[in-house]
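Report on the structure
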Amino acid sequence: MSTAEASSFAFRPLDPLKDAELVHSWVTHPKAAFWMMQDARLEDVERAYMEIAADPHHDALLGLRDGVPVFLMEKYDPAHRELVGLYDARPGDIGMHFLTPPTDTPVHGFTRAVITAVMAHLFEDPAVERVVVEPDVRNTAVHALNAAVGFVPEREIRKPEKTALLSFCTREQFEKAVTV
């Protein structure tokens, strides 16, 4: 799968009740350890995503291919969620998380196509100037993916649940990274 195939994804809001069983299977899988929901019960996933659905500063979306959910994406306002007090948020900043589910038949380039689609989706909003991420410092796989789409690490930050690598990607950095 090539990065160009990233445009074949569509997005829809996650339905906390209808989608909970699927998302539960994704976030509790051992390969999703950095999602930090390994021991979550179905009810915990429903509750977590109902809270997100009710939050004006946080959204959860499913990425679809041919109408079928194939990844999870969250976007949030870092001035109000996740990173409050940990860096100076700028107007136009948006935070992002994404998760590709485990599979027995990996498709080469799938995760890179997903992060490319997520970034393109975020930058479709003209108000978004910069995407902010804060993955666990130990998550070297996502650091490589972030770099591939233009993220530049700034520094490590201490969050209650982890030590994170605060990284930023401007629209220009993204466009340069994916058009090379």
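Further up the page is the structure itself.
Attention here is on the structure that accompanies the text. (Residues numbered from 1 in each chain as written. Predicted model: local features only at pLDDT ≥ 70, side-chain atom pairs only at ≥ 80, totals over all residues. Heavy atoms only, no water.)

Within the chain, the secondary structure is distributed over five helices and seven strands. The order of helices and strands in the chain, counted from the N terminus, is β-α-α-β-β-β-α-β-α-β-β-α. Over its C-alpha trace the chain gives a radius of gyration of 15 Å, about what one expects of a compact globule, namely 16 Å for 180 residues. The C-alpha extent of the chain, read off along each of the three principal axes, is 40 × 40 × 30 Å. The buried share among the 180 residues of the chain stands at 45%. (Helix = DSSP H or I, 4+ residues; strand = E, 2+ residues; numbered from the N terminus. Rg over C-alpha atoms; globule rule 2.2 N^0.38 Å. Buried < 20%, exposed > 50% of the residue type's maximum accessible area, 1.4 Å probe, protein only.)

This part takes up the packing of helix 3 (residues 110-123) against helix 5 (residues 171-179). Taken N-terminus to C-terminus, the directions of helix 3 and helix 5 make an angle of 140°; their axes are 11 Å apart at the nearest point. One finds that helix 3 runs oblique with respect to helix 5. Crossing of helix 3 over helix 5 shows left-handed handedness. Judged by residue contacts, Thr116, Met119, Ala120 and Phe123 of helix 3 engage Arg171, Phe174 and Val178 from helix 5. Class assignment for the residues of the contact of helix 3 with helix 5 results in five nonpolar, one polar and one charged. (Axes fitted to C-alpha atoms, helices over the stretch in contact; angles between N-to-C directions. Parallel < 35°, antiparallel > 145°, perpendicular 65-115°, else oblique. Left-handed = near helix turned anticlockwise from the far one by under 90°. Contact = heavy atoms within 4.5 Å. Nonpolar A, V, L, I, M, F, W, Y, C, P; charged D, E, K, R; others polar.)

Inspection of the entire model under this criterion finds five aromatic pairs. Centre to centre, the rings of Phe9 and Phe110 are 5.9 Å apart; their planes meet at 80°, and the pair counts as edge-to-face. Taken together, the positions of Phe9 in the segment before strand 1 (10-13) and Phe110 in helix 3 put the pair 101 residues apart, joining distant regions of the chain. On the basis of an interplanar angle of 80° and a centroid distance of 5.7 Å, the ring pair of Phe11 and Phe71 is categorised as edge-to-face. On the criterion of sequence distance, the pair formed by Phe11 in strand 1 and Phe71 in strand 3 (residues 68-76) is long-range, its members being 60 residues apart. Look at Phe11 and you get partly exposed, because its relative accessible area is 22%. Residue classification places Phe71 among the buried residues on the basis of a relative accessible area of 0%. Through a chain of ring-to-ring contacts, three or more aromatic side chains come together here, namely Phe9, Phe11, Phe71 and Phe110. (Phe/Tyr/Trp six-rings, centres within 6.5 Å; stacked < 30°, edge-to-face > 60°.)

What follows covers the pairing of strand 5 (residues 130-133). Within a regular strand, the side chains alternate between the two sheet faces. A two-sided burial pattern is seen for strand 5, the buried positions comprising Arg130 and Val132 on one face and Val131 and Val133 on the other. Handedness of the strand 4 (residues 93-99)-helix 3-strand 5 crossover: right-handed. As judged from the four bridges shared by strand 5 and strand 7 (residues 162-170), these two strands associate in the antiparallel manner. Within the sheet, the bridge partner assigned to Val133 lies in strand 7 and is Ser167. (Right-handed = clockwise from strand over helix to strand, strands pointing away. Pairing = 2+ DSSP bridges.)

Turning our eyes to something else, we now look at unusual backbone geometry. Phi at Asp66 is positive, roughly 55°, even though this residue is not glycine. By the element assignment, Asp66 lies in the loop between strand 2 (58-65) and strand 3. Given a relative accessible area of 76%, Asp66 falls into the exposed group.

Considering the arrangement of structural elements, one finds Asp136 in the loop between strand 5 and helix 4 (140-148). A residue is classified by how much of its surface remains accessible, and Asp136, at 6% relative accessible area, is buried. Looking at Asp136, its side chain comes within polar contact range of the main-chain nitrogen of Arg138, at 2.8 Å. Not counting chain neighbours up to four residues away, the residues in contact with Asp136 comprise Phe34, His143, Lys162, Thr163 and Ala164. (Polar contact = N/O pair within 3.5 Å; in protein donor to acceptor, adjacent residues only side chain to side chain.)

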